[in-house]
Structures are given as structure tokens and as C-alpha cells.
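So the chains spell out like this:
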Amino acid sequence: MSPEEERIKVPERSPEERVNDFHEVPLGYTPEQAMEEAQRCLECAKSPCIGGCPVEIDIPKFVKQIADGEFQEALETLKEFNCIPAITGRVCPQEEQCEEVCVMGNVGDPINIGKLERFVADYARENDLEETPEIEETKEERVAIVGSGPSGVTCAAMLAQNGYQVTIFEALHEPGGVLKYGIPEFRLPNDVIDHELEYLDELGVEMRMNRIVGQNIELKELKDEHDAIYVATGAGSPRFLGFEGEDLKGVYSANEFLTRINLMKAYKFPEYDTPITDMEKVGVIGAGNVAMDAARSALRMGAESHILYRRTTEWSPARDEEVEHAKQEGVQFDTLCNPKKFKGDEDGWLEEIVLYECELEEPGEDGRPSPTVLEDTEHSEEFDTAVIAIGQQPNKVFYENAEGVDVKEWGGIIIDEDTRMTTEEGVFAGGDAVSGAATVILAMGDGREAAKSIMEYLE
Amino acid sequence: MHKITEKERMNEEMTRIEVEAPLVAKKIKPGQFIVIRMHEKGERIPLTLYKKDEEEGTIQMIFQKVGKSTHELDTYEEGDEILDVVGPMGTAAEIKDYGTVVCIGGGVGTPEVFPLAKALKEAGNEVIVVSGFRTKDLVICEPEIEQDACVDELHITTDDGSYGREGFTSHVLEELIESDKEIDLVHAVGPPIMMKVIADITEPHDIPTRVSLNSIMLDATGMCGSCRVEVGGDMKLACVDGPEFDAHEVNFEELMQRITMFEEKEEEALERWKEEHGGCCQ
Ligand SMILES: Cc1cc2nc3c(=O)[nH]c(=O)nc-3n(C[C@H](O)[C@H](O)[C@H](O)COP(=O)(O)OP(=O)(O)OC[C@H]3O[C@@H](n4cnc5c(N)ncnc54)[C@H](O)[C@@H]3O)c2cc1C
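Conventions and cut-offs
- Residues numbered from 1 in each chain as written.
- Chains lettered and ligands numbered in written order.
- Predicted model: local features only at pLDDT ≥ 70, side-chain atom pairs only at ≥ 80, totals over all residues.
- Heavy atoms only, no water.
- Buried < 20%, exposed > 50% of the residue type's maximum accessible area, 1.4 Å probe, protein only.
- Helix = DSSP H or I, 4+ residues; strand = E, 2+ residues; numbered from the N terminus.
- Pairing = 2+ DSSP bridges.
- Contact = heavy atoms within 4.5 Å.
- Buried area = accessible area lost by both parts, 1.4 Å probe.
- Salt bridge = Lys/Arg side-chain N within 4 Å of Asp/Glu carboxyl O.
- Patch = residues over 30% accessible without salt bridge, like charges linked within 9 Å, V, L, I, M, F, W, Y side chains within 5 Å.
- Areas by Shrake-Rupley, 256 points an atom, 1.4 Å probe, with all protein chains shown as cover.
- Lys, Arg positive; Asp, Glu negative; His and termini not counted.
- Charge placed at Lys NZ, Arg CZ, Asp CG, Glu CD.
- Domains from an automatic or database assignment.
- Near = heavy atom within 4 Å.
- Polar contact = N/O pair within 3.5 Å; in protein donor to acceptor, adjacent residues only side chain to side chain.

Residue and element names in this part refer to chain B. With 6 of 7 residues buried, strand E6 (residues 58-64) is to be regarded as a mostly interior element. In the sheet, strand E2 (residues 14-20) pairs with E6 via 7 bridges, with the strands oriented antiparallel. By the bridge assignment, valine 19 is partnered in E6 with isoleucine 59. Sheet topology places strand E5 (residues 51-53) next to E6; 3 bridges connect them, and they run antiparallel. Residue pairing across strands places lysine 51 opposite glutamine 60, the latter belonging to E6.

As a further point, take the interface of chain A and chain B. The interface of chain A with chain B comprises 45 residues on the first partner and 43 residues on the second. Summing the contributions of chain A and of chain B, the shared interface buries around 3800 Å²; its carbon and sulfur component is 53%. Our enumeration of links across chain A and chain B arrives at 6 salt bridges. Here lysine 41 of chain B ties to glutamate 271 of chain A by a salt bridge, and the two come within 2.7 Å at their closest N and O atoms.

What follows covers a negative patch on the surface. There is a patch of like negative charges on the surface, built from Glu263, Glu264, Glu266, Glu267, Glu271 and Glu275 of chain B. You can see glutamate 266 of chain B is positioned in helix H8 (residues 263-276).

Turning our attention to the domain arrangement of chain B. Residue and element names in this part refer to chain B. Assigned domains of chain B: these are domain 1 (2-89) and domain 2 (100-258). Distance from the C-alpha centre of domain 1 to the C-alpha centre of domain 2: 21 Å. Taken together, the contact pairs 18 residues of domain 1 with 22 residues of domain 2. Summed over both sides, the interface of domain 1 with domain 2 buries roughly 1700 Å², with 65% coming from carbon and sulfur.

What follows deals with the site of the ligand. Residue and element names in this part refer to chain A. As a structural note, the neighbourhood of the ligand is formed by 36 residues, with Val91, Ser151, Glu170, Arg187 and Asp432 the closest of them. Within the backbone of proline 150, a nitrogen or oxygen atom sits 3.3 Å from an oxygen atom of the ligand. For the ligand, an oxygen atom lies 2.9 Å from a polar atom in the backbone of serine 151. For the ligand, the accessible surface in isolation is 1000 Å², of which the surrounding protein chains cover 96%. When contributions to the shell around the ligand are tallied by element, the ones reaching two or more residues are helix H8 (150-161), helix H13 (289-300) and helix H17 (440-458). At 3 residues, the largest contribution of residues to the shell around the ligand is made by H13.

Shown next, in the form of C-alpha cells:
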């Protein structure tokens with residue numbers, strides 16, 4: 001590859017250094033590096049990258065602005081489409097979206113769009129570039145948003161920008177949804193999230209924490225006080241395996257493991273009150289982003305960390321960067337490996353995981369090969385901690401108590417594809433609560449579309 | 001922020017606090033609980049409701065000093081503020097006219113029995129309360145249960161016989177059953193071992209029995225699965241499916257093991273805290 005076909009490398013902290021703490025791994029581009037990377041853009045006529053982005057950011061425009069050193073302008077371009085670029089720049093699966101279709105990818109490395117997006121947002125934050133957002137003429141209509149994850153936040157920002165009176169109701173004591181309780185700080189620092197959320201404050205969005213709709217406040221009450229409602233409660237309920245030994249001590253759902261460590265800061269125990277058990281060898285079941293986050297967190301808690309996955313690494317649904325970072329840091333990938341049972345000691349602590357080997361069959365309908373368990377390959381391996389990261393589903397607390405809102409069998413909220421309205425008049429929904437566990441950017445795309453629908457509905 | 005409007009050390013181990021929480025006071029029902037977080041570094045602590053005053057917008061809880069957090073909470077005084085008070089959590093107890101109900105409270109489970117017994121009495125039941133403590137100095141809520149809740153009978157037991165009946169709450173229950181008393185429902189709140197013993201006693205007599213579980217909780221919104229417990233062969237979450245369950249369906253062995261998961265860590269935190277606080281608050 002000739003130099004311009006290669007990406008400008010993003011400086012990163014060394015694996016040896018970073019496994020000892022929870023600080024961020026990639027350091028991000030300097031202004032010079034960002035300009036150089038942006039200048040690699042071919043400015044092709046078709047701009048397929050825009051179509052590759054679920055929120056259709058005008059990528060060529062902001063990349064050009066970076067190339068020209070117009071960082072403030074680049075920020076304005078981004079914010080037109082995306083109110084939290086510092087976040088998406090860090091967690092989007094760019095290699096499956098904008099960067100996958102980048103024309104530059106035909107001759108060399110695609111443009112590093114993700115890191116450029118992150119650069120603009122970080123540069124703006126560090127240099128106080130941001131201006132108070134403009135708000136359209138104030139309107140009287142009030143909208144309630146349920147859930148403060150990326151979907152709810154995006155919808156709230158767009159509505160507030162358009163002058164609506166917006167209040168967010170969030171179940172936990174802090175806003176951000178999965179961004180806060182799930183994704184660890186070494187990937188997405190909390191101060192970055194907090195800064196991006198300040199934007200909502202500036203827009204006049206009201207935040208009410210500790211409001212669990214369906215538990216301590218009813219949907220009906222929200223309806224009485226608001227003209228429309230957007231439900232973005234996510235898919236926050238852990239799935240369990242349903243096999244023997246799952247209730248042993250030392251066995252965690254990924255949600256519990258990550259919430260203890262991230263939201264409640266158990267890695268700083270006893271300075272922070274919430275504990276997590278000591279761990280020497282951790283087996284993480286699954287291979288998506290959630291599993292990578294758990295496995296890398298386990299390393300940072302001082303443990304030996306294993307991914308136990310039924311397929312091979314190439315089929316992992318996680319972002320490429322996460323798998324790469326996990327490997328660099330020393331997470332071991334035990335692939336073609338299917339856990340079947342947890343075994344414990346007499347005090348009820350996990351001691352061993354019973355595993356079977358697998359073989360991959362021809363790809364099925366979803367394009368992924370299905371694993372077949374090979375009988376007679378049963379063996380056990382010692383583990384003192386297991387983390388179950390096989391997926392999440394919508395939390396029933398909302399939908400079982402939301403009169404008029406129909407859901408699918410697995411709990412996904414049913415919406416009209418065009419209007420995004422649920423089966424209850426004036427109540428809209430999107431994000432993981434509708435799609436099941438997906439991605440930050442798709443949840444945000446839903447939030448934007450819903451905001452548009454809500455504005456039409458209120459007109 | 002939620003201001004503490006009253007604080008009373010009831011004995012060496014137990015403290016009553018009243019806090020401002022108008023939204024909770026308006027909605028909370030017997031059987032439900034709340035979650036508090038004292039400060040930014042605090043953990044989310046589930047506590048059960050003792051009393052509420054809707055007009056004043058206050059709720060009362062009685063807690064026992066066990067770990068670091070409850071020891072710390074005990075240092076909070078009137079006028080101090082608690083960062084988060086969230087609730088009501090969990091499902092409410094079904095209150096109706098069953099006939100005769102025996103409510104059993106063990107130790108710090110007794111304050112939870114108070115609103116239950118009161119509501120059951122108001123619903124027309126004959127209510128018998130059995131309340132057990134280790135020793136005389138730890139007996140709480142006696143006048144409240146007797147006079148405020150106006151229950152029909154109150155039996156107090158102490159393990160060492162220093163007050164009331166010597167023995168356990170289960171002994172009184174056994175006697176009631178032996179005396180051919182018609183019992184339509186038993187509701188027990190207390191240490192898991194007590195609840196298990198009660199469940200074992202009532203099962204052969206087909207007496208419907210409910211227990212309120214004290215599993216380990218984190219968010220208490222159904223998000224983490226920390227409080228999972230086997231009930232009737234299915235996995236249930238004590239925070240949102242409970243905390244009340246059919247006692248005869250609960251896998252108590254599993255519950256008793258799971259609640260010790262963080263014991264070592266709790267001891268570590270408490271020791272460190274006591275060192276830092278010079279042992280002044282023991
Ligand atoms: C560990 C982890 C790592 C991930 N990594 C990535 C990644 O790298 N890239 C990527 O694109 N995606 C990633 N994802 C997926 C992504 O985070 C989600 O798809 C996205 O957050 C969904 O957004 P949302 O707004 O729909 O829901 P959420 O982010 O789940 O937010 C929902 C919010 O609603 C609140 N809520 C729930 N019920 C109620 C109620 N009844 N009342 C009030 N509030 C309620 C919740 O507390 C929560 O704050 C990851 C997910 C996890 C768990």
C-alpha cells in the first residue's frame with residue numbers, strides 16, 4: 001500500500017499499561033493527524049458513506065471541513081444530524097456502516113470516519129467551541145420521553161430544538177442508559193457522556209431521575225400531563241441460559257457485572273460502596289460487544305479472562321476494534337466451545353464450567369453458520385466467575401403496566417412503521433425497546449424519526 | 001435530595017428514620033419497598049416501609065446496623081439529606097378479607113409487619129401478630145402494633161426468654177395450629193431461615209403462606225438479575241416479581257446461599273469504615 005492508501009494511525013495506550021486501569025484506550029487524533037486523515041478522502045461523487053449511516057450524517061461535508069481545518073464548521077455539520085458525536089464516534093460499528101461502503105476501501109483503507117467524528121467532538125469539548133444551540137419558536141405542547149438512553153436523548157434534543165417542552169423520565173439515578181451502566185469507561189468515559197448530555201440542559205430539556213414508568217409513575221399519569229410520549233426504555237433485562245448452576249455465587253448476568261463496575265464503580269470499592277466479588281479466572285459466555293466489555297473489565301479487575309464462544313471469532317457480532325483490543329490485552333478466545341452447566345462447591349460458589357466442543361454447519365438464514373455441539377467432548381474447566389452475555393430483552397416493568405401498548409411475544413413494543421406510534425394513541429416508541437438489542441446509532445435514528453412523527457402528530 | 005425529618009435510635013442495633021419523599025408517600029402500599037442511595041459514592045440499599053404520612057409527604061423506615069452502609073446511615077442526623085429515595089418498588093401485598101391472618105415478623109422484619117397487619121385488620125380480618133427478637137433490649141414496635149394497628153393478638157418471643165415467650169416465632173405458630181385455630185393465611189417477614197421454618201410448618205396443614213424475600217439487589221428495577229430466586233421451578237426476580245412469594249414454592253436453600261455472596265466484601269468495607277471512624281459509633 002502506498003502511504004495515502006493507509007490510514008493515519010490513531011495513538012493508543014499500550015495494552016500493558018491500560019489493563020491496569022479504566023481510562024480510555026484510544027487517545028484520538030491530534031488536529032494535524034485528523035486533517036491528514038481527512039485529506040485522504042477522495043470526495044467521490046456518489047458519497048455512499050451517507051447512505052451507510054443510519055442517521056445520514058453529511059459525512060463528506062464534515063470530513064472536508066476537517067481537511068480544511070474548519071473544526072467549528074465540522075462540529076455544526078455533525079450536530080445537525082447527531083447530538084452526541086463524541087459518543088457515536090467511539091461506539092458505532094463503522095466498519096459495517098459508513099466505512100464499509102467508503103470508496104477508498106476499494107484501493108486501500110477506508111477513511112477513518114469514526115475517529116474523525118470523535119476528533120471533532122473532542123476538539124470542540126476541549127476547546128469550548130460549542131455554542132448555545134438555537135431553539136425554534138417556543139411551542140406549548142409538552143412531550144414526555146421515557147428512558148434517557150441514546151434513543152430517548154436524541155428524540156428529546158430534536159423536539160427541544162424545535163421548541164417543544166420536553167421532560168425525560170429515567171428509571172435509574174443517572175442518565176445515559178446503556179452508555180452509562182453498560183459500556184465501560186475505558187471505551188466511553190463518563191465525563192464525555194456527561195458533557196454530551198449537558199447539551200440537553202442547554203436546550204431546556206428537563207430530566208427526572210428515579211422515575212420508573214409502570215412502577216412508581218404510570219403511563220396514564222404521563223398522558224394526562226403531556227401531548228405526546230416517546231418510549232425508549234431499551235432492552236435492559238438480562239437473558240439467562242436456563243441451565244444447571246446458574247444461581248451459584250460467582251455467576252453474573254453481564255448487566256449485573258457491568259452495572260456494578262461501571263455505574264456503581266465497584267472497581268473503586270471500598271471507596272465506593274458497591275462491591276463485586278474477587279475474581280481469578282472469569283469465563284464470559286457470548287462474543288458480542290457486551291461480552292467484550294465484560295471480558296475486558298474482568299482483566300482490569302485483575303483476573304484471567306476467557307471468552308467462551310460457540311462459533312469462531314470472525315462471527316463475533318462485536319465491533320472489530322473491540323475484538324482487536326480484547327486480544328491485544330490478553331483476553332483468551334475459547335471458540336467452538338459451548339458451556340452446558342455450572343458446577344459449584346458445597347457453599348454454593350462456582351467452581352467449574354462444563355463445556356462441549358462445537359462444529360460449524362453451513363450458514364443459516366441469518367448468514368451465520370450454526371454451531372453443532374459434539375457429543376462425547378464434555379470436559380470441565382475451573383472458573384471462579386462466570387458472566388452470561390447472551391443478550392438482553394425489553395424490561396417488562398414498562399410494557400406489562402402500559403395500558404393500550406401492545407408488545408410482541410418477546411416484549412418488543414409494536415409500532416406502526418410509518419407513524420412510529422404504538423397501539424396507544426399519542427404514545428410513540430423506538431430504540432432497543434422496539435427492535436430488541438441493537439446499536440446506539442440505530443436507537444438514535446429511531447429517536448430522530450420518532451421526533452419527526454411526533455411533530456407531525458402535534459401540528 | 002431528601003431531608004431526614006426525624007431520627008430515633010430504638011436500641012443498640014436498630015434506628016428509625018423519617019424522610020421527606022412525597023411521591024413515595026403518595027403511592028407506597030404495604031409489602032412494597034424503597035431504595036435509597038445516601039451520596040454519590042453510596043450503594044443502592046433496599047429498605048422496607050414502616051409508616052407513611054401522605055399529607056406531610058414523609059415515609060419512615062427502621063433499619064438494622066449490619067454493614068458499612070447501614071452503620072453510615074446511622075450517623076445521619078435530623079436535617080441531613082439523603083441523595084436518592086426511590087419507590088415504591090416491588091408489588092404490593094394483596095389486601096382483602098381472608099378471615100384469620102397470622103403475620104410473623106422476625107427482628108427487623110417486624111416493622112414491615114406493622115403496615116401489613118394494619119391494612120389486613122382494616123380489611124376486616126382477625127389479625128394475630130407474632131414477633132420475635134433475640135433479646136428484650138431489641139424488642140420494637142410493640143405499642144404500634146397493638147394500639148395503632150389494633151391487632152387482635154400480639155405474641156412477642158425472645159430467643160433467651162428475657163421478654164414475652166421464650167423461643168422462636170415458629171413455636172407460637174405451631175401452638176396456634178395445634179389449638180385448632182382456623183388460620184386462612186400466614187404472612188412471614190424475617191431472616192430466610194425463619195421463613196423457611198414457617199413454610200415447612202404450614203405446608204402439611206395446607207395453610208396459604210406468603211413470605212417477603214430479602215434477596216441481594218442492585219438496581220431493583222429488573223435490570224440485573226442479582227435478586228433471582230427459584231420459585232415454583234421458575235426463575236423470578238425478587239425486585240419486580242416480588243418481594244412477596246408463595247412460601248411453599250420458594251427455594252430457600254438457594255436464597256440462603258445467594259445472600260452470602262458479598263459477605264466478605266461487606267465485612268471488609270465495615271472494618272475499614274470503623275477504622276476510619278475511630279470506632280466511635282459502635
Ligand atoms: C455492554 C454493552 C455494550 C454495547 N456496546 C455497543 C457499541 O459498542 N456500539 C453500539 O452501537 N451499541 C452497543 N451496545 C448497544 C447499545 O448500547 C444499545 O443498542 C443502545 O443503548 C439502545 O439505546 P436505547 O436508547 O434504545 O436504550 P438504552 O440505552 O437501553 O436506554 C434505555 C433507558 O431507559 C431506562 N428505562 C427502562 N425502563 C424504564 C421505565 N420503565 N421507566 C423509565 N425509564 C426506563 C433505562 O434505565 C435506560 O436508561 C452495547 C450494549 C451493551 C449493554
